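Examining the three-dimensional arrangement
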Amino acid sequence: MPPVLQGLLTIAVGVGGCIGYFYLANFIVDAVIFPAKGRNANANLRRADAVRPWLFLFPALFLLVLYTWYPVVGSFIRSLYDRAGDDFVGLSNYAAMWREGGQRAFLNNMAWVVIVPAMSTFIGLIAAQLTDKIGWGNFAKSLIFMPMAVSFVSASLIWKFVYANDPDIGIINAVRYALGADSTVDPLQIPIWNNFFLMVILIWIQTGFAMVILSAALRSVPEETVEAAIIDGANPFQIFFRIQVPQIMSTILVVWTTITVLVLKVFDIVYTMTGGNFDTEILPSFMMDFMFRDDGRATAVAFVIMVAVVPVMWWNIRQARSEKR
Amino acid sequence: MTNIAGKRAPLVWAMHVAVFLLVVIWLVPTVGLFVSSFRDRDQITVSGWWEAPFAVENSGYGRTDADAALREGDIWVIEGNILDSAGAEGQFGADADVRLVAFGTSLRRPSEFPAGEVASTEDGERFRVEADGTYRVELPEDPGDRAPRIYFTAQTPPSFTLQNYGTVLTAAGMDRAFLNTLTVAIPSTVIPILVAAYAAYAIAWMDFRFRNLILAAIVGALVVPHQLALVPLLRLHQAVGIGQSFLGIWLAHSGFGLALAIYLLRNYMAGLPRDIIESAKVDGASDFQIFRRIVLPLSFPALAAFSIFQFLWTYNDLLVAKVFLPSNETSRVMTVKIADDLLGSRGGDWGILASAAFVSIAVPLVVFFTMQKYLVRGLLAGSVK
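Residues numbered from 1 in each chain as written. Chains lettered and ligands numbered in written order. Predicted model: local features only at pLDDT ≥ 70, side-chain atom pairs only at ≥ 80, totals over all residues. Heavy atoms only, no water.

**Observations concerning the sheet that holds strand β1 (residues 56-63) of chain B**
All names here are of chain B.
- Read across the sheet, 4 strands follow the order β1-β9-β4-β5 without closing on themselves; strand pairing throughout is antiparallel. One side of each edge strand has no neighbouring strand; the edge strands of this open sheet are β1 and β5 (113-114).
- Direction of pairing for strand β4 (residues 99-104) relative to strand β9 (residues 149-156): antiparallel, over a ladder of 5 bridges. Residue pairing across strands places arginine 99 opposite glutamine 155, the latter belonging to β9. (Pairing = 2+ DSSP bridges. Helix = DSSP H or I, 4+ residues; strand = E, 2+ residues; numbered from the N terminus.)

Here it is, written out as structure tokens:
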């Protein structure tokens, strides 16, 4: 069966199955197991209402547990076994992957985690403030936001042109030539710096996200506070950094953590641009080096990423709880 | 807020300039790729895309045709077109509209004389080469089989072509990859919606034990890295017979997308006015009816926001496709195709790479620009609250 047909069939089965499940399950609970009639009518109504949330939740919870929470445990257990998965080896996968390049990947990843969210949020904040004030701001916003729609692979390809080791293709080398250089450089092979050139790509993608959210937050800052500051003679920079930014601090934090989590997961950019060569490996791309070759090491790297995400997860859950009060 | 800087003209100007610069910096990489994708392959490597509207200048040479030498009085004359001569053929595109700007008689000085002038050498040879390539060479003696060479500098006018796109879509197999990408993305977007909507309603409007715990599990699941899921779930898929297949990737994407779907929809549904739902309950509507008749239609913006997210995410994904789909030519999606195939085997073919990238970002860009409103709303619902 051609995949396209298979896809259509799956949509039909999936959607039809959902509708069928919810409809039938309700019908069975209401009419068969707990019918709202006879002697127990009232008790049955109550019981049916107690069961119903779980009917609604069941398919989602099942998939969520299977595809998100089971892997956390499954990966951790797998990471304690050897390559074939037969022998328990304790933490030696962690030790081995740390020795064989994991340390470099971890350090690079830490640099990504610090720099990418900081730069994206900072440029996004400035862009939000500036575009909110000018007539064609919305147009400028959608252009800065646009890279969000592009896949990481295509974004990398776009930047491969910028970084190309050829003054007739890469704009970096062209500028160097225009300034008088007479040899080309490959920005992706300059030690240490190449990591920053890769980070630029993710900053380019994520700044739009930060800008859109921060611009909404800036608009929700009460106008009286700003007006009071104007009357008191504050200059625009003071108003921005002392009045507006402190009031949107919680949103800045949300943006920051969201990008941080993303940075810990994106392997596409390093994979496409350098394949992890020239000391640019980060944990997600390092994990893919082991995928299909050594499940034990691969899951060990994945679990390290998980551990790095946990503080953000904990903070997010706390935030979600406090909102509800 | 509008008048913070409004009163200071220089500052307003500075803002316009700053935003303009920012937009230019943000656009330049994409524009470069876009322009390159329409350029002739030969031109991409000779001049930068920023020079695309201008003629490309390159040099070449040709050997005059000794067989065509004719005796005129006491000199020998060769006439012909240097662009058609042996050596010059193939240096330029067959139908390219090439114009000579200068010529020379030695390799060291290929543009000594402007086209149209007469050049005399110390040996008494006289050359005249026109801009269209026709030449007339006068020699004091019979050239035999050693006809002189003419070196020249030629300009090729900018040429734009759809050929790269043609190649990408036919020979390079992007057409198949494009279909595969849509085949992956559409079911992966549709399937989780309904599942998530019911769960979101339950969490937002129904009372049951462990509700907070489940909400915490969903918020936590939002940030669990997909990397963790790869090994255990691929093994699971293989164990139950799904293996690496489209069915597997639909399930995986649906599972990965659920946390965000439930979270977005719950936030939106919880914000619906309580009165509507309670008055419906008073009128005797069951939860099932309230969900179907009231909450689901009212939640359209959130459903749209999630669909756009999930579609862009699954369409643009590389990681899940690499793991859950077989790596053969027939089931490669575009991202895998570009990253593993085109960048590897055609690493230097910039025209193909550029057009492949544009084929792959065309759909997301259309979705993005037509439905930006919903996308922004969804982002805000997911983050600002």
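**Considerations on the domain arrangement of chain A**
Residues and elements named next belong to chain A.
- Each assigned domain of chain A is listed with its residue range as follows: domain 1 (3-79) and domain 2 (102-324).
- Here the C-alpha centroids of domain 1 and domain 2 sit 39 Å apart.
- The interface of domain 1 with domain 2 comprises 6 residues on the first partner and 7 residues on the second.
- Between domain 1 and domain 2, roughly 570 Å² of surface is buried when both sides are summed, and carbon and sulfur atoms account for 77% of that area.
- Applying the counting rule to domain 1 against domain 2 returns 0 salt bridges.
- In this structure, the connection of domain 1 to domain 2 is made through 1 residue pair in polar contact (both at pLDDT 80 or more).
- In terms of residue class, the side of domain 1 that touches domain 2 is built from 3 nonpolar, 2 polar and 1 charged. (Domains from an automatic or database assignment. Contact = heavy atoms within 4.5 Å. Buried area = accessible area lost by both parts, 1.4 Å probe. Salt bridge = Lys/Arg side-chain N within 4 Å of Asp/Glu carboxyl O. Polar contact = N/O pair within 3.5 Å; in protein donor to acceptor, adjacent residues only side chain to side chain. Nonpolar A, V, L, I, M, F, W, Y, C, P; charged D, E, K, R; others polar.)

**A look at the interface of chain B and chain A**
- If you look at the interface, chain B gives 116 residues, while chain A gives 107 residues.
- Summed over both partners, the interface of chain B with chain A buries about 10200 Å², with 79% contributed by carbon and sulfur atoms.
- In this structure, the connection of chain B to chain A is made through 1 salt bridge.
- In this structure, the salt-bridge partner of aspartate 295 of chain A is arginine 235 of chain B, at a minimum N-O distance of 2.4 Å.
- In this assembly, chain B and chain A are joined by 11 residue pairs in polar contact (both at pLDDT 80 or more).
- Here the side of chain B that touches chain A gets 15 residues from one element, more than from any other, and that element is helix α1 (residues 9-37) of chain B.

**A look at the packing of helix α3 (residues 92-131) of chain A against helix α12 (residues 283-290) of chain A**
Residues and elements named next belong to chain A.
- Where α3 contacts α12, the axes come no closer than 8 Å and their chain directions differ by 150°. Considering the angle they form, α3 stands roughly antiparallel to α12. Every residue of α12 that contacts α3 at Met97, Glu100, Gly101, Gly102, Ala105, Phe106 and Asn109 is listed here: Leu283, Pro284, Phe286 and Phe290.
- When grouped by side-chain class, the residues that make up the contact of α3 with α12 number 7 nonpolar, 3 polar and 1 charged. (Axes fitted to C-alpha atoms, helices over the stretch in contact; angles between N-to-C directions. Parallel < 35°, antiparallel > 145°, perpendicular 65-115°, else oblique.)

**Quick notes on a negative patch on the surface**
- Side chains of Glu122, Asp123, Glu141 and Asp142 of chain B sit close together on the surface and give a patch of like negative charge.
- Looking at the secondary structure, you find glutamate 141 of chain B in the loop between β8 (134-139) and β9. (Patch = residues over 30% accessible without salt bridge, like charges linked within 9 Å, V, L, I, M, F, W, Y side chains within 5 Å. Areas by Shrake-Rupley, 256 points an atom, 1.4 Å probe, with all protein chains shown as cover. Lys, Arg positive; Asp, Glu negative; His and termini not counted. Charge placed at Lys NZ, Arg CZ, Asp CG, Glu CD.)

**Some thoughts on a nonpolar patch on the surface**
Residue and element names in this part refer to chain A.
- A cluster of nonpolar side chains, Leu24, Phe27, Ile28, Val32 and Ile33, forms an exposed patch at the surface whose accessible area comes to about 480 Å².
- Here isoleucine 28 shows up in helix α1 (residues 3-33).
- Classification of isoleucine 28 as partly exposed rests on a relative accessible area of 36%. (Buried < 20%, exposed > 50% of the residue type's maximum accessible area, 1.4 Å probe, protein only.)

**Here we look at the pairing of strand β3 (residues 75-81) of chain B**
All names here are of chain B.
- Inspection of the sheet shows strand β2 (residues 70-72) paired to β3 by 3 bridges, in the antiparallel sense. Pairing of leucine 70 across the sheet is with valine 77, part of β3.
- Taking the residues that link successive antiparallel strands as the turn, the β2-β3 hairpin has 2 residues, and the phi of glycine 73 there is positive, at about 65°.

**Focus on the nonpolar core**
- Residues Trp112, Ile201 and Ile269 of chain A together with Tyr201, Ile262, Met269 and Phe324 of chain B are the most contacted members of the largest nonpolar core, which totals 198 residues.
- It is helix α4 (residues 174-205) of chain B that contributes the most residues to this core, 17 residues altogether.
- Setting aside its immediate chain neighbours within four residues, isoleucine 201 of chain A contacts Ala155, Ser156, Trp159, Tyr163, Ile269 and Met273 of chain A.
- One finds Ala66, Val98, Val137 and Ile150 of chain B within the second-largest nonpolar core, a separate group that totals 20 residues. (Core = buried A, V, L, I, M, F, W, Y, C linked by side-chain atoms within 4.5 Å.)

**Quick notes on the UniProt feature "transmembrane region" (unreviewed entry) in chain A**
Residue and element names in this part refer to chain A.
- This chain's UniProt record puts "transmembrane region" (unreviewed entry) on residues 6-29, 50-70, 110-131, 143-162, 196-218, 248-267 and 298-317.
- Structurally, residues 6-29 is divided into 100% helix and 0% strand, and its ends, taken at the C-alpha atoms, are 33 Å apart.
- Each end of residues 298-317 is marked by a C-alpha atom, and these two atoms are 28 Å apart; helix forms 100% of the span and strand 0%. (UniProt positions renumbered as here; feature names shortened; annotations may be inferred.)

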